[in-house]
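So you can see what is in the structure, the chains are spelled out below.
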Amino acid sequence: MKLIVKTSLHYLWLSLSILLATGAIFYLVLRDNISSEIREQLELQVDMISQEVEKGHQVIFPLVELKELSAKTIAPSVFKDTLIYDHLQDEHEGYYYLSETKIINNKPYNIKVMTTYIGWNEYLKTISLIFLGLTFLLVTAGIVVNYFISKNIWRPFLNNLSILKEHSVQARTDLALEKSDIDEFEQLNAVLHEYADRNRKEYTGLQEFTENASHELQTPISIIRARLEGMSQLPLTNEAVNYVSDAKQALDRLSKVNKGLLLLAKLTHDNFPDQQALPVSAILTGQIVQLEELFESRGLKLQQDIQKISVKASPHLFDILIANFLSNILKHANREGFVAIVLDSDKLNFTNEGEPLPFAEKELFARFKKNHQPSAGVGLGLSIINQICLVHKWRVTYQYTGGRHNFTVWFNNN
Amino acid sequence: MKILFVEDEPVLMEEMTVYFSSQGYVCEQATTFFQSLGKVETYAYDIAVLDVKLPDGSGLDLIPLILNKSPETGIIILTANNSLNDKLEGLNSGADDYLTKPFYVEELSARVNAIYRRKTLKTSENLKFADFMIDPQLKELYYKDEEIQLTKKEYQLLMYFVVNKNRVVSKSAIAEHIWGDNFDQADNFDAVYVHLTNLRKKLNQAAQHDYIKTVYGMGYKFSC
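Residues numbered from 1 in each chain as written. Chains lettered and ligands numbered in written order. Predicted model: local features only at pLDDT ≥ 70, side-chain atom pairs only at ≥ 80, totals over all residues. Heavy atoms only, no water.

Enquirer: Got a minute to help me understand the overall build of chain A in this structure?
Expert: Along the backbone of chain A there are nine helices and eleven strands. Over its C-alpha trace chain A gives a radius of gyration of 47 Å, far above what one expects of a compact globule, namely 22 Å for 414 residues. Across its three principal directions, the C-alpha atoms of chain A cover 155 × 45 × 45 Å. Counting only residues that meet the buried cut, chain A has 38% of its 414 residues in that class. Long-range pairs, those at least 24 residues apart, make up 66% of the contacts in chain A with a sequence separation of at least 6. Within the structure as shown, chain A displays about 24400 Å² of accessible surface, and the carbon and sulfur contribution to it stands at 58%. Averaging the locations of the 41 positively and 47 negatively charged side chains of chain A gives two centres separated by 7 Å. (Helix = DSSP H or I, 4+ residues; strand = E, 2+ residues; numbered from the N terminus. Rg over C-alpha atoms; globule rule 2.2 N^0.38 Å. Buried < 20%, exposed > 50% of the residue type's maximum accessible area, 1.4 Å probe, protein only. Contact = heavy atoms within 4.5 Å. Areas by Shrake-Rupley, 256 points an atom, 1.4 Å probe, with all protein chains shown as cover. Lys, Arg positive; Asp, Glu negative; His and termini not counted. Charge placed at Lys NZ, Arg CZ, Asp CG, Glu CD.)

Next comes the structure, spelled out in structure tokens:
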């Protein structure tokens, strides 16, 4: 639930209960005051009537009953409400009456005077309506005020939220949060800055560690390779040949993983000053031609729609990007399957028929995520692709529809 | 041909010098920046193979000194660090080529030869073996003045074998030479086999001799 909705709801309930309570009190107090005013008025009337009777005047008024009593008992005065038929309006209306027993000229009289109730129901309705209107106005005003507050006061907060959403620990730029004149938000910003800095330091540290470790491994790998190649030149028994050959294969793999990790580490923090307007179509076609017979030997039906365009990119990285995509297709496309490569000024797209992913789609670009076929590579290709796209601020998307894997690099990030 | 190797790792140094000596090159060694300084200031080399990271300096700093002494020297940089900056810096300061460790010594040999032919010999000198002749300029193969049609990859393969003759070369090394090291070589072994079979057949048809031998479990060996 949004904060504004939550506060508005609280505000609504609070205003409703306050207004209900004040409405009820208002109604009760009003009724009490008016009742006592009416009673005073009726008492005055009774008194005036009794004066008239004392003077011997005939008292005939509407809404006045005067009765001479036989017994000299003085009943206590009664102040009550009653219903009287109103023949003009054709309905019963509420009235107050005051009935009092008085001894006038030594004779007991019962005087009953009435006055109209002035429709308490109407009062109630009017008061309720007014209060409801008041509630409505207060709530609307509250929401409007809240809305403007949120637009202005919350705006930096919401902007920062979207900045944070976009921010990655791999980003090369500092976290730039919008300033606010509200202390709590400024505190939050300070904490976030510190948090992002710390994360980045740890991340960079990890990358440096990977890079140094991979770098240190390169020389021993070179030595082992040199020695294995040296051994290959010697006359060996078949048994020894198998040992050396297995060792070479494993070393190739190790060397591949190591190079991949080194490249990934470099991609996260190196600058690539060789970025330039690159004839990407030529590079792409060139690499496809290089691999022609590999496509043929797998019976892949390759469809190309490559437009002559150039894109600002690092030639070194673009080569690797294309090689990884093509390698991926050669590894995972179904034999005799359909393959399409499309390049235009917006995008670079690779489609190939293949089995669905054996893991969740979102893990596709993760390191060492691969299916466990013997032909599978070292599992770094797609993370390298992803990282190269990040360096160039391109977006890479993946879809699997109709039995076809579809990778697209979007050159314009929007 | 005279080559200077600057490399601080003794095993790699041994591997390179033993191999290049066996191919008939004159090899000079230096293991530190300081030692290299003395050599490059005194002698002119056809090719210099420089490790970037030396215990007492950077191999890249040797490039201007070498070119100052003999501008014709071909320079190849070796780096353990697959860093673009090293590569750009090296190529900008006058290096001709760049190899990342771990590399195959056969690949280094192919690169050294290519640079040597391009820079030092300048004019295209044809390569000969048995009764065959390779014109590196036109990328053509002749047997007793008769041209043998080769595909681009067969030609690459033949050149690789010729500069690495009498050496057992592995399928990975061949695949890396032809397709570069961005690909998983295991994918390309079939293709290596296909090109190799075709090349073998063409040479065999012309000369009635099998120059390329399969070495069980290891790869192939070209001899003539």
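Enquirer: When you look at a nonpolar patch on the surface in this model, what are you seeing that I'm missing?
Expert: On the surface, a cluster of nonpolar side chains totalling about 460 Å² of accessible area is made up of Met1, Val5, Leu9 and Trp13 of chain A. Mapped onto the secondary structure, methionine 1 of chain A falls in the segment before α1 (3-54). (Patch = residues over 30% accessible without salt bridge, like charges linked within 9 Å, V, L, I, M, F, W, Y side chains within 5 Å. Salt bridge = Lys/Arg side-chain N within 4 Å of Asp/Glu carboxyl O.)

Enquirer: Explain the interface of chain B and chain A here, please?
Expert: With 39 residues of chain B in contact, the opposing surface of chain A contributes 48 residues. Across the chain B-chain A interface, the total number found is two salt bridges. Here lysine 153 of chain B ties to glutamate 293 of chain A by a salt bridge, and the two come within 3.0 Å at their closest N and O atoms. Counted by class, the side of chain B that touches chain A contains 15 nonpolar, eleven polar and 13 charged residues. (Nonpolar A, V, L, I, M, F, W, Y, C, P; charged D, E, K, R; others polar.)

Enquirer: Even after reading the chapter, I still don't get the domain arrangement of chain A, so can you show me in this structure?
Expert: Quite often, the size of an interface is put as the accessible area lost when its parts meet. If you check the domain split of chain A, you get domain 1 (3-149), domain 2 (168-270) and domain 3 (276-410). Averaged C-alpha coordinates put domain 1 of chain A and domain 3 of chain A at centres separated by 87 Å. (Domains from an automatic or database assignment.)

Enquirer: Looking at this model, I keep getting lost on empty space enclosed by the protein. Mind explaining?
Expert: Here the idea is plain: a probe the size of a water molecule rolls over the atoms and shows the empty space left. Inspection of the entire model under this criterion finds one cavity of 30 Å³ or more. Within this model, the largest cavity holds a volume of roughly 100 Å³. In terms of lining residues, the largest cavity is bounded by Ser222, Arg225, Ala226 and Glu229 of chain A together with Leu12, Glu15, Met16, Pro102, Phe103, Tyr104 and Val105 of chain B. For the lining of the largest cavity, the elements supplying multiple residues, two or more each, are α4 (183-232) of chain A together with α1 (10-22) of chain B. If one sorts the elements of the lining of the largest cavity by residue count, α4 of chain A sits on top with four residues. Residues belonging to the lining of the largest cavity are distributed by class as follows: seven nonpolar, one polar and three charged. (1 Å grid on protein atoms, 1.4 Å probe; cavity = no way out; pocket = protein on both sides within 12 Å on 5 of 7 lines; lining within 4 Å. Points joined across faces, edges and corners; volume = space filled by probe spheres on them.)

Enquirer: Whenever I open this one, the packing of aromatic side chains confuses me. Can you help?
Expert: Two measures describe an aromatic ring pair: the distance that separates the ring centres and the angle between the ring planes. By the definition in use, this model includes 23 aromatic pairs over all chains. A ring pair is formed by phenylalanine 157 of chain A and phenylalanine 185 of chain A, whose centres lie 5.1 Å apart and whose planes are at 25 degrees; its orientation type is stacked. Within this pair, whereas phenylalanine 157 of chain A is found in helix α3 (residues 155-166), its partner phenylalanine 185 of chain A is found in helix α4, the two being separated by 28 residues in sequence. Feature note: the residues Phe129, Phe132, Tyr143, Phe161, Tyr211 and Phe222 of chain B constitute an aromatic cluster, connected by ring pairs. Cation over ring: arginine 167 of chain B sits above tyrosine 19 of chain B, and NZ or CZ is 4.6 Å from the ring centre. (Phe/Tyr/Trp six-rings, centres within 6.5 Å; stacked < 30°, edge-to-face > 60°. Lys NZ or Arg CZ within 6 Å of the ring centre and 35° of its normal.)

Enquirer: Help me understand the layout of surface pockets in this model?
Expert: All names here are of chain A. The space that makes up the second largest pocket amounts to roughly 740 Å³. Secondary-structure elements contributing two or more residues to the lining of the second largest pocket are α3, α5 (238-269), α9 (381-391) and β10 (395-401). The greatest single-element share of the lining of the second largest pocket, amounting to five residues, is contributed by α9. Its residues assigned to classes, the lining of the second largest pocket shows twelve nonpolar, ten polar and six charged. Structurally, the lining of the second largest pocket is a two-domain feature, drawing no fewer than three residues from each of domain 2 (168-270) and domain 3 (276-410).

Enquirer: Help me understand the domain arrangement of chain B, please; the structure alone is not making it clear to me.
Expert: Residues and elements named next belong to chain B. With domains assigned, chain B is organised as domain 1 (2-121) and domain 2 (127-222). At the interface, eleven residues of domain 1 touch 15 residues of domain 2. Between domain 1 and domain 2, a total of about 1100 Å² is buried, with carbon and sulfur atoms accounting for 48% of that surface. A per-residue breakdown of the area domain 1 buries against domain 2 is headed by Tyr104, Glu106 and Arg117, which together make up 49% of the total. Put simply, domain 1 and domain 2 have two salt bridges between them. A salt bridge links arginine 167 to glutamate 106; its shortest N-O distance comes to 3.0 Å. Along the contact surface separating domain 1 from domain 2 lie eight residue pairs in polar contact (both at pLDDT 80 or more). Sort the elements by how many residues they give to the side of domain 1 that touches domain 2 and helix α5 (residues 105-121) lands first, with seven residues. When the residues that make up the side of domain 1 that touches domain 2 are grouped by side-chain class, the tally is four nonpolar, three polar and four charged. (Buried area = accessible area lost by both parts, 1.4 Å probe. Polar contact = N/O pair within 3.5 Å; in protein donor to acceptor, adjacent residues only side chain to side chain.)

Enquirer: Explain the nonpolar core to me, please; I cannot follow it from the model alone.
Expert: Generally speaking, soluble globular proteins have nonpolar side chains that are buried together. Core analysis: the largest hydrophobic core is formed by 84 residues, its most contacted members being Phe318 and Leu348 of chain A together with Leu158 of chain B. Top contributing element to this core by residue count: helix α8 (residues 315-332) of chain A, with ten residues. In contact with leucine 158 of chain B, other than residues within four places in its own chain, are Phe129, Ile134, Leu141, Leu150, Leu199, Leu203 and Phe222 of chain B. Ranked by size, the runner-up nonpolar core spans 19 residues in total, among them Tyr27, Leu42, Val53 and Ile104 of chain A. (Core = buried A, V, L, I, M, F, W, Y, C linked by side-chain atoms within 4.5 Å.)

Enquirer: Would you take a moment to explain the confidence of the model for chain B for this structure?
Expert: Any region with low pLDDT has predicted coordinates that should not be read closely. On average, residues of chain B score 88 in pLDDT, and 95% of them reach the 70 mark or higher. Between the elements of chain B, mean pLDDT differs from a low of 77, seen in helix α4 (residues 84-92) of chain B, to a high of 95, seen in strand β2 (residues 26-30) of chain B. (pLDDT = per-residue confidence, 0-100.)

Enquirer: How should the packing of α5 of chain B against helix α6 (residues 152-163) of chain B be read in this particular structure?
Expert: For any two helices packed against each other, one specifies the inter-axial angle together with the distance between the axes. All names here are of chain B. Viewed as axis vectors pointing N to C, α5 and α6 meet at an angle of 100 degrees, and their least axial separation amounts to 9 Å. In terms of axis orientation, α5 runs roughly perpendicular to α6. Between α5 and α6, the contacting residues are Glu106, Glu107, Ser109, Ala110, Asn113 and Arg117 on the first element and Met159, Tyr160 and Val163 on the second. By residue class, the composition of the contact of α5 with α6 is four nonpolar, two polar and three charged. (Axes fitted to C-alpha atoms, helices over the stretch in contact; angles between N-to-C directions. Parallel < 35°, antiparallel > 145°, perpendicular 65-115°, else oblique.)

Enquirer: Before we go on, may I ask you to explain α8 of chain A in this structure?
Expert: Since the α-helix packs 3.6 residues into each turn, any two residues three or four apart lie on the same face. Taking 1.5 Å of rise per residue, the 18 residues of α8 of chain A would be expected to cover 26 Å, and the 26 Å separating its terminal C-alpha atoms lies within 8% of that figure. Most of α8 of chain A sits out of view: 15 of its 18 residues are buried. (Expected span 1.5 Å × (residues − 1).)

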